[in-house]
Every structure is written in C-alpha cells, then in structure tokens.
Amino acid sequence: MATPPPILSLLLVLIPSILFLLCLSSGQSLKSCGFDQIYQLGDSISDTGNLIREVPIGIATPYATLPYGETFFKRATGRCSNGLLMIDYFGLPFLNPYKDDGADFGHGVNFAVAGATALPVEFLASKLIFPLLTKSSLRVQLDWMSGHFSSICPTERDCGEKLKKSLFIVGEIGGNDFNYALVEGKNIEEVKSLVPDGVKAITDAVRRVISYGAARVIVAGNWPFGCFPIYLTVFQTGDPTAYDENQCLKQLNDLSMYFNDQLRNAINELKKEFPDASIAYGDYYNAFLQLLNNASALGFDVTSTRKSCCGIGGPYDFTLTLLCGFPGVPVCSQPNRYIHWDGIHLTQEAYRLMAGWLVDDILPNLGCNF
C-alpha cells in the first residue's frame, strides 16, 4: 500500500479538529428553537445554587466559597466550577435555582442539586455505608417540579399550552450513584448492577415530565469518568493495560459506555411510546472526548489535560482529603487552559466548548418547528 503524500497525511490529522472547531463556532443556540423556558433536573453538572441553600454552609463548602465562581462571578454561586456551567450557555438568561426563594422563574427553573442521585436515597441507603451529600434525588426534584407547575398553572391544560415552548433537560444524573459506590470500594460488577434501576429511574422521569406537558426533552448520558482526576487518583495502577490511548482507565469508561448504551436503548423505546414528543440524547461522553482529542487546537495545556486546576497531590493534582477550596489547596493561574477544575468537575472553558458541541449535536433531534 502506497504511503500518502505528507500534505494528505497532515490533512487527515487536521480535518477532525477543523470540523470540531467549525461546529463550536457555528453560533447556534437553543434559543434558535424558540424556547421560552428551560426546566433542568440533575446534579452538580447543572446545579446553579440549590445545594448551598439546602444544607448548612459548612457542609456544602467548598461550593459556597471561593475559588468556586472566581472567573465569572467573582464569588461563589453554588456552581461547581470556576465560573459558568453548560446550562448557562444554552441561550436563555441564567436559570435560578429552585431553592432561591423569591427568584425570577420567568425563563424556567433549575431543580438540579449537586450530589443528587438518579435512584432514591432509600434505595441506595440499603447498598451504601456512608450518607449521601443530599437527599434531593431525581424523584424529589420531580416533586418540586410538580409543585412549581401547580403554583403557576390554573389548570392542567394551561400548563400544557405554556410548556409547548419549554425545554426539559433530564440529567446528567446517575453518575453520583456510581461515584458513591466506587469511592466506597464497591467493585465494577457491584456498581454495574445499579445500571438497570438507574436507567429506569431516568426513563420514568421522562415519562413524568411528558405528563406535565413537556414536548421536547434532552436526556443526558454520562462522562468517560475514567478520564477524571478523582478516579485516576483513586484507582491509579502500575498496570499499563488498565489505560486506553488517552491514558484514561478503560474499565471505568467501559462502565460509563454500558450505562449510556442502556440509556440510549431506553430513549428509543420512549420515542415509540411518545411519538408526539421530541426526545434527544445528550452525548456528554463524546462531547468530553472531543475536548480531550482536540485539546491543543482548543487552547488547553496538553500537559495538564488530566490534572486539576484547583487541587494538590500526585500526578493528577488531586487528593480526596484535600479538595479544592480547602485551606492550602492551590489554584492554577490560567483556568481557561485546563479541562478539569477540581478533579471532579470541569472548568468554565471546558463547559463552554462542550455546550457548543452539544447544542449542534442535539438541535436536529428536537423538532424545532414551532
């Protein structure tokens, strides 16, 4: 087989990165669909301030204190990042957290809570040793949503009309179900056994929001969390076969892919069950890999793609007992050059880029012909 000319070889390498960059710069937003409100369910990937209002500050720390929020807000808002989250880039004014009494909910409500699980706390309590960060599981958030709609809609029909131009986002959620179990020392098979129940909890949530009147729903998948500093630290091994080409832990990424495959299959069944609703899968897994695989072209420090900006210790700048925001834990000088913020969550820049990719990927599946 003939060797391709050097210029062709270069193009073969550059084309995927160029296409990704063009996708990010397309300028599309969910606002182009005509959405008036967004209703968000989820965990720390989306929480704009519920956890810090739900529990005493001492427990919710460090999310209630700097350096969280330092880049954009110059103060902590409860977002688990140095600034904005993906939901903040979806084209509408910032979504206020449900627990913010007296807030303006004219553009929707954020029900997500950092640490929340897809499965009910009562179910997980029988399988886990340590208490969860929050009791506001997906089921609790759905109850909040039901109460909110009851307060703003005189009748069920009124709500159905009002919600025609609303977007519902279910997730990402389910990751914490795995996080708690893995950090406690459960093996992969034990954690994998949670997947069917977790997927059912999410699909039942989709059914419930459709019953409220939702016509367009995004259901988000999980990350390749074998690439995250927390797991790279906790499950660090000298066995080179445990890592993939990105130096991520294969077994953990396989678990995430297994969850995502089950979730996509469930979404396909939901589409048959609700042919009049547009239900789109949010591919967080591949959105993250796009960041990792195009890190240099996107302006990230390629030597730090698996390191925490805010953290300390070991090859990944992460220590489970010395988290970001704790006394003496340093913060990098250029967060926009990092993908990972605190070893568990991403930086504002990573979220911005992922939001751009996700919107372009999701829009064709939302049936935006109002």
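In this text the structure is predicted, and so the values were computed from the model without any measurement.

Looking at this structure, how should I read the sheet that holds strand β5 (residues 278-282)?
Hydrogen bonding along the main chain pairs the strands of a sheet, whether they run parallel or antiparallel. In spatial order, the strands read β2-β1-β3-β4-β5; together these five strands make up an open sheet with parallel pairing. A single partner strand is all that each edge strand has here, and the edge strands are β2 (108-110) and β5. Sheet twist, expressed as the average angle between the axes of neighbouring strands with direction ignored, equals 20 degrees. Both strand β1 (residues 37-41) and β2 contribute to a ladder of three bridges, which runs parallel. Residue glutamine 40 lies in a different strand from β2, and its bridge partner there is asparagine 110. Against the sheet, helix α5 (residues 138-152) makes contact with β1, β2 and β3 (166-170), and its axis sits at roughly 150 degrees relative to β1, the strand it touches most.

Hey, could you run me through the state of the cysteines in this one?
Should the sulfur atoms of two cysteines be covalently bonded, the bond is a disulfide. Under the criterion given, the structure shown has four disulfides. With a sulfur-sulfur separation of 2.0 Å, cysteine 153 is cross-linked through a disulfide to cysteine 159. With the S-S bond torsion at 65 degrees, the cross-link from cysteine 153 to cysteine 159 turns out right-handed. For the pair shown, cysteine 153 and cysteine 159 are each scored as buried. Across the disulfide from cysteine 227 sits cysteine 248; the S-S distance is 2.1 Å. Looking down the S-S bond of the cysteine 227 and cysteine 248 bridge, the torsion is 110 degrees, so its handedness is right-handed. On the criterion of sequence distance, the pair formed by cysteine 227 in the loop between β4 (216-220) and α10 (229-234) and cysteine 248 in the loop between α10 and α11 (250-273) is long-range, its members being 21 residues apart. We classify cysteine 227 as buried; its relative accessible area is 1%. Classification of cysteine 248 as buried rests on a relative accessible area of 0%.

Is there a simple way to explain α11 in this structure?
Note on helix geometry: an α-helix contains 3.6 residues per turn, so any two residues three or four positions apart are oriented the same way. Counted at 1.5 Å a residue, the expected span for α11 with its 24 residues is 34 Å, and the 34 Å between its end C-alpha atoms agrees. All of the buried residues along α11 are Leu252, Asn253, Leu255, Ser256, Phe259, Asn260, Leu263, Ala266, Ile267 and Leu270.

Sorry if this is basic, but what is going on with the environment of isoleucine 129 here?
Position of isoleucine 129 relative to the elements: it lies in the loop between α4 (121-125) and α5. On a C-alpha basis, the gap between isoleucine 129 and alanine 181 in space is 8.9 Å, while along the polypeptide they are 52 residues apart.

Whenever I open this one, the pairing of β4 confuses me. Can you help?
Consecutive side chains of a regular strand alternate in pointing toward one face of the sheet and then the other. When you tally the buried positions in β4, you get five out of five residues, the bulk of the element. The alternating pattern of β4 places Arg216, Ile218 and Ala220 and Val217 and Val219 on opposite faces, both of which are buried.

How should I be thinking about the packing of aromatic side chains in this particular structure?
For any pair of aromatic rings, the description rests on two quantities: the centre-to-centre distance and the angle between the ring planes. Applying the stated criterion across every chain yields a total of 19 aromatic pairs. Geometrically, the ring pair formed by tryptophan 223 and tyrosine 284 is tilted, given 5.4 Å between the ring centres and 50 degrees between the ring planes. Residue tryptophan 223 is found in the loop between β4 and α10, and its partner tyrosine 284 is found in helix α12 (residues 284-293); the two are separated by 61 residues along the sequence. Like tyrosine 284, tryptophan 223 is buried. When the ring of tryptophan 223 is compared with that of phenylalanine 288, the centres are 6.3 Å apart and the planes differ by 80 degrees; the resulting orientation is edge-to-face. With tryptophan 223 in the loop between β4 and α10 and phenylalanine 288 in helix α12, this pair connects stretches of sequence that are 65 residues apart. Both residues of the pair, tryptophan 223 and phenylalanine 288, count as buried.

I keep staring at unusual backbone geometry and nothing clicks. Help me out?
Peptide bonds are trans in most cases, and residues, glycine excluded, mostly fall at negative phi. The peptide bond linking leucine 66 to proline 67 adopts the cis configuration, its omega dihedral lying at 15 degrees. Here proline 67 is to be found in the loop between α3 (57-60) and β2. Each neighbour pair has its own omega, and for glycine 171 with glutamate 172 the value is 10 degrees, a cis peptide bond. As for its placement among the helices and strands, glutamate 172 is situated in the loop between β3 and α7 (175-183).

Help me understand the packing of α12 against helix α13 (residues 348-362) in this model?
Each packed pair of helices is defined by two parameters, the angle between the axes and the distance between the axes. Taken N-terminus to C-terminus, the directions of α12 and α13 make an angle of 125 degrees; their axes are 9 Å apart at the nearest point. Looking at the two axes, α12 sits oblique to α13. In this structure, the crossing between α12 and α13 has a hand that is right-handed. Contacts between α12 and α13 involve Tyr284, Asn286, Ala287, Phe288, Gln290 and Leu291 from the former and Ala350, Leu353, Met354, Trp357 and Leu358 from the latter. In the contact of α12 with α13, the residues fall into nine nonpolar, two polar and no charged.

Hey, could you run me through the packing of helix α9 (residues 195-212) against α11 in this one?
Between α9 and α11, whose axes approach to 10 Å, the crossing angle comes to 35 degrees. Helix-helix and strand crossings are classified by hand; for α9 and α11 the assignment is right-handed. Touching Val195, Val199, Ile202, Thr203, Val206 and Arg207 of α9 are Leu255, Tyr258, Phe259, Gln262, Leu263, Ala266, Leu270 and Glu273, all from α11. For the contact of α9 with α11, the per-class residue count stands at 10 nonpolar, two polar and two charged.

What counts as what
Residues numbered from 1 in each chain as written. Predicted model: local features only at pLDDT ≥ 70, side-chain atom pairs only at ≥ 80, totals over all residues. Heavy atoms only, no water. Pairing = 2+ DSSP bridges. Helix = DSSP H or I, 4+ residues; strand = E, 2+ residues; numbered from the N terminus. Axes fitted to C-alpha atoms, helices over the stretch in contact; angles between N-to-C directions. Contact = heavy atoms within 4.5 Å. Disulfide = S-S within 2.5 Å. Buried < 20%, exposed > 50% of the residue type's maximum accessible area, 1.4 Å probe, protein only. Expected span 1.5 Å × (residues − 1). Phe/Tyr/Trp six-rings, centres within 6.5 Å; stacked < 30°, edge-to-face > 60°. Parallel < 35°, antiparallel > 145°, perpendicular 65-115°, else oblique. Left-handed = near helix turned anticlockwise from the far one by under 90°. Nonpolar A, V, L, I, M, F, W, Y, C, P; charged D, E, K, R; others polar.

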